[in-house]
Structure formats: C-alpha cells, structure tokens
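Descriptive analysis of the structure
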Amino acid sequence: MNKKVLCCLLVICFLIPCFCSCKFMTLSDAQAKEELERLLPKAKELTEIFYGKGLPYDALSEDSTDYYAFVSKDAAYQSIDEIKKVAETVFSAEYLVSIYEYAFEGTDYFASRYFMSFTEGEQRLKINIQHEPMALLQQIDIDSAKVVEGTPATAVVEVNVITSKGEEKKKKITLVNQDGIWVLDSAAY
C-alpha cells in the first residue's frame, strides 16, 4: 500500500511542473515584438548617451584643460538621477550595475582606467568630452524577432540587425520580467 501512495506522489510531483509551465509560458513572438517596440527607442537613446556621442555640451574655452564640460541646458537630461530614472524603465537592475559603473563611477578594465562619462558639478550635469564614442548598431529589424529561448522570467529574442559597417547579422537580445514588467537584460545596440 505504501508503494502505491509513493508512486502516486511521484507521478503528481512530475506532472505539476508540466501543468504550471503551460499556464506561465514565456513571451510569444508577437509579445516579444511589442516589448521590443516599447523598449528599443529609449534603449537606443540611452545607449547613445552612455556609449556613443553622449549629450550635447557647452563649449570650453580653447585654453581649458578640463576633461568635463557642462551638458547643454536644452539637453534631454539635466542630472544623473534623470538618466537613471529612465534607464530603470528600460534595463534590468542587474544589467544597470555595469552601465552605471561605466557611466557614473569609472571602471578599471585590463589595467586601463576609464573615467566616468558623467559627473555633476556646480549643480549641473557634466560630460567627459575625452570619451571616445563606440560604434553602435544602426538598425534592428523588430519584425524579424523570434523567441529562441524562454522561461516565465526570461526570453532570448533573436533579431536581424545592420551593424555600423552595414553588415547584416543576427543578434540575441535578452528580456527579463522584472516586477511584472519586461525589460532588457543585455545590450541591444
């Protein structure tokens, strides 16, 4: 009798995950496209700010040796907090750790010091004008999005892209469900 009960319990234990997983599947391709359409415009803007051209800034005098210039008063963001507020609606908290380190704290990779991209001084946002912009992807074809891996908490989406050199490639973008909202957990551009 105990063996029958034990067998029934084992069967139930194996079946429960099957029934639960059907109810809480990952994103469909259509849902992934919707999420990318929502996230990618801001992701591109923020990636350009963090790794690309940055924000417009006020000109320095010719004899200035300062590495930082004030961000223009008409720029889209006027403080680090404003940038972070938007970034936290687009990227996962875990992914933002490395972005914030690079942009706001400076990093030390391979014994070469990278100075922070932004700082605040005299109650204004300042940008590192010595920063060398990275070449970013030119275009992501959202219509090509296909979920290639997924769980209820993550989805890896493959998309067609055109690189800064004009090459067509495939790229995987990871989305995570963070507090009920899908956000990017990998570089998109």
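The structure contained in this document is the topic of the report that follows. Source: prediction; values computed, not measured.

How each quantity is defined
Residues numbered from 1 in each chain as written. Predicted model: local features only at pLDDT ≥ 70, side-chain atom pairs only at ≥ 80, totals over all residues. Heavy atoms only, no water. Pairing = 2+ DSSP bridges. Helix = DSSP H or I, 4+ residues; strand = E, 2+ residues; numbered from the N terminus. Axes fitted to C-alpha atoms, helices over the stretch in contact; angles between N-to-C directions. Patch = residues over 30% accessible without salt bridge, like charges linked within 9 Å, V, L, I, M, F, W, Y side chains within 5 Å. Areas by Shrake-Rupley, 256 points an atom, 1.4 Å probe, with all protein chains shown as cover. Salt bridge = Lys/Arg side-chain N within 4 Å of Asp/Glu carboxyl O. Lys, Arg positive; Asp, Glu negative; His and termini not counted. Charge placed at Lys NZ, Arg CZ, Asp CG, Glu CD. Parallel < 35°, antiparallel > 145°, perpendicular 65-115°, else oblique. Left-handed = near helix turned anticlockwise from the far one by under 90°. Contact = heavy atoms within 4.5 Å.

Before going further, it helps to examine the sheet that holds strand 4 (residues 118-121). Here three strands make up an open sheet; going across it, the order is 1-5-4 and the pairing antiparallel. With one partner strand each, in any of the chains shown, strand 1 (68-70) and strand 4 form the two edges of the open sheet. Going from strand to strand, the sheet's axes swing by 40° on average, the running direction of each strand aside. Of the pairings in the sheet, the one linking strand 1 to strand 5 (residues 124-128) comprises three bridges and is antiparallel in character. Across the sheet, residue Tyr68 finds its bridge partner in strand 5, namely Asn128.

On the surface, Glu34, Glu37, Asp141 and Asp143 cluster together into a patch of negative charge. Put simply, the parts of the chain that give the negative patch at least two residues each are helix 2 (29-51) and strand 6 (139-150). Here Asp143 shows up in strand 6.

Time to look at the pairing of strand 8 (residues 168-178). The pairing of strand 7 (residues 154-162) with strand 8 spans nine bridges and is antiparallel. From the neighbouring strand, Val159 faces strand 8, where its bridge partner is Lys171. Between the end of strand 7 and the start of strand 8, which pair antiparallel, lie five residues, with Gly166 showing a positive phi angle near 85°. Note that strand 8 and strand 9 (residues 181-184) share four bridges and pair antiparallel. Within the sheet, the bridge partner assigned to Gln178 lies in strand 9 and is Ile181. In this antiparallel pair of consecutive strands, strand 8 and strand 9, the connection spans two residues, and Asp179 shows a positive phi of 55°.

Moving on, we get to the packing of helix 2 against helix 3 (residues 80-90). The geometry of helix 2 relative to helix 3 is characterised by a closest axis approach of 9 Å and an angle of 135° between their N-to-C directions. Comparing their axes, helix 3 and helix 2 come out oblique. In this structure, helix 2 meets helix 3 at a crossing whose hand is left-handed. Across from Arg38, Leu39, Lys42, Ala43, Leu46, Ile49 and Phe50 in helix 2, the residues of helix 3 making contact are Ile83, Val86, Ala87, Thr89 and Val90.

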